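Given next are the chains, with one letter for each unit.
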Amino acid sequence: MFFGNNKRSRPQNRIDSLIGVGTKIEGNVFFSGGLRVDGTIKGNVGETGDQPSTLVLSEQSRIEGVIRVSHVVINGTVVGPVQAQEYVELQSKSRVAGDVFYKTLEMHVGAIVEGKLVHREGAAEQAGEVRPVPSN
């Protein structure tokens with residue numbers, strides 16, 4: 001039987017907020033629940049609270065900044081690192097110029113990552129710290 005903390009493993013199923021096509025935000029965006037971005041954000045995007053959240057980036061979206069969320073589905077452009085505590089889905093039109101930190105990764109044919117794919121394990125990564133790789 002598994003007794004671990006399971007509250008962060010399930011993605012948010014509904015969208016609570018929408019940043020529409022043609023909308024441009026300059027500054028950091030913090031949200032809870034589900035956020036869909038069809039526009040442009042120049043700033044960091046992160047979740048608030050202790051409940052898991054889901055960020056969905058459509059084909060038209062662009063984010064220039066750090067993404068820090070539980071779950072993210074990307075089909076647009078990200079310039080900066082993606083730091084997901086749980087799940088990253090890179091759909092076929094996704095373009096990421098930065099490192100992608102994930103616990104579970106789904107990558108579709110056509111997705112492009114110009115950076116490293118880094119698997120998260122343990123408490124150090126969940127706190128946002130990356131353990132150094134031991135040298136031989």
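Predicted, not measured: the structure shown is a model, and the values here were computed from it.

### Things to note about the overall build of the chain
Next, step 1: Within the chain one finds 1 helix and 16 strands.
Next, step 2: Residue burial in the chain is summarised as follows: out of 136 residues, 41% are buried.
Next, step 3: Considering only contacts within the chain whose residues lie at least 6 apart along the sequence, 11% involve residues at least 24 apart.
Next, step 4: Approximately 7,700 Å² of the chain is accessible, and the part contributed by carbon and sulfur atoms is 50%.

### Regarding the confidence of the model for the chain
Next, step 1: For the chain, per-residue confidence averages 86 on the pLDDT scale, and residues scoring 70 or more make up 80% of the total.
Next, step 2: Low pLDDT, under 50, characterises residues 1–8; the stretch is placed with 10 contacts to residues that sit more than four places away or in other chains.
Next, step 3: Scored below 50 in pLDDT, residues 123–127 shows 9 contacts in the model against residues more than four places distant or in partner chains.

### So, the pattern of salt bridges
Next, step 1: The tally for this structure, following the rule as stated, stands at 3 salt bridges.
Next, step 2: Its salt-bridge partner being arginine 14, residue aspartate 16 comes within 2.7 Å of it at the nearest N-O pair.
Next, step 3: The shortest N-O distance in the salt bridge between aspartate 38 and arginine 36 comes to 3.0 Å.
Next, step 4: Owing to a relative accessible area of 33%, arginine 36 belongs among the partly exposed residues under this scheme.

### Overview of the sheet that holds strand S12 (residues 95–97)
Next, step 1: The strand order S2-S5-S8-S10-S12-S15 describes an open sheet built from 6 strands, whose pairing is parallel. Both edges of this open sheet fall to strand S2 (24–26) and strand S15 (112–113), since each of them pairs with a single strand only.
Next, step 2: Direction of pairing for S12 relative to S15: parallel, over a ladder of 2 bridges. When the sheet's bridge partners are listed, valine 96 is paired in S15 with valine 113.

### Some details on the pairing of strand S11 (residues 82–90)
Next, step 1: When you tally the buried positions in S11, you get 9 out of 9 residues, the bulk of the element.
Next, step 2: Across 7 bridges, strand S9 (residues 67–74) lies against S11 in parallel orientation. When the bridges of S11 are listed, isoleucine 74 appears paired with leucine 90.
Next, step 3: Bridge count for S11 against strand S13 (residues 100–102) is 2 bridges, and the pairing is parallel. Each bridged residue has a counterpart across the sheet, and for valine 82 the counterpart in S13 is valine 100.
Next, step 4: Taken together, the 4 bridges between S11 and strand S14 (residues 104–107) define a ladder with parallel strand orientation. From the neighbouring strand, tyrosine 87 faces S14, where its bridge partner is threonine 104.

### Here's the deal with the environment of histidine 71
Next, step 1: Within the secondary structure, histidine 71 sits in strand S9.
Next, step 2: The class for histidine 71 is buried, based on a relative accessible area of 2%.

### Quick look at the environment of aspartate 16
Next, step 1: When you line up the elements, aspartate 16 lands in the segment before strand S1 (17–19).
Next, step 2: Remark: the alpha-carbon pair of aspartate 16 and leucine 35, spanning 19 residues in sequence, is separated by 6.0 Å.
Next, step 3: In terms of polar contacts, aspartate 16 uses its side chain to reach the side chain of arginine 14, at 2.7 Å.

What counts and what doesn't
Residues numbered from 1 in each chain as written. Predicted model: local features only at pLDDT ≥ 70, side-chain atom pairs only at ≥ 80, totals over all residues. Heavy atoms only, no water. Helix = DSSP H or I, 4+ residues; strand = E, 2+ residues; numbered from the N terminus. Buried < 20%, exposed > 50% of the residue type's maximum accessible area, 1.4 Å probe, protein only. Contact = heavy atoms within 4.5 Å. Areas by Shrake-Rupley, 256 points an atom, 1.4 Å probe, with all protein chains shown as cover. pLDDT = per-residue confidence, 0-100. Salt bridge = Lys/Arg side-chain N within 4 Å of Asp/Glu carboxyl O. Pairing = 2+ DSSP bridges. Polar contact = N/O pair within 3.5 Å; in protein donor to acceptor, adjacent residues only side chain to side chain.

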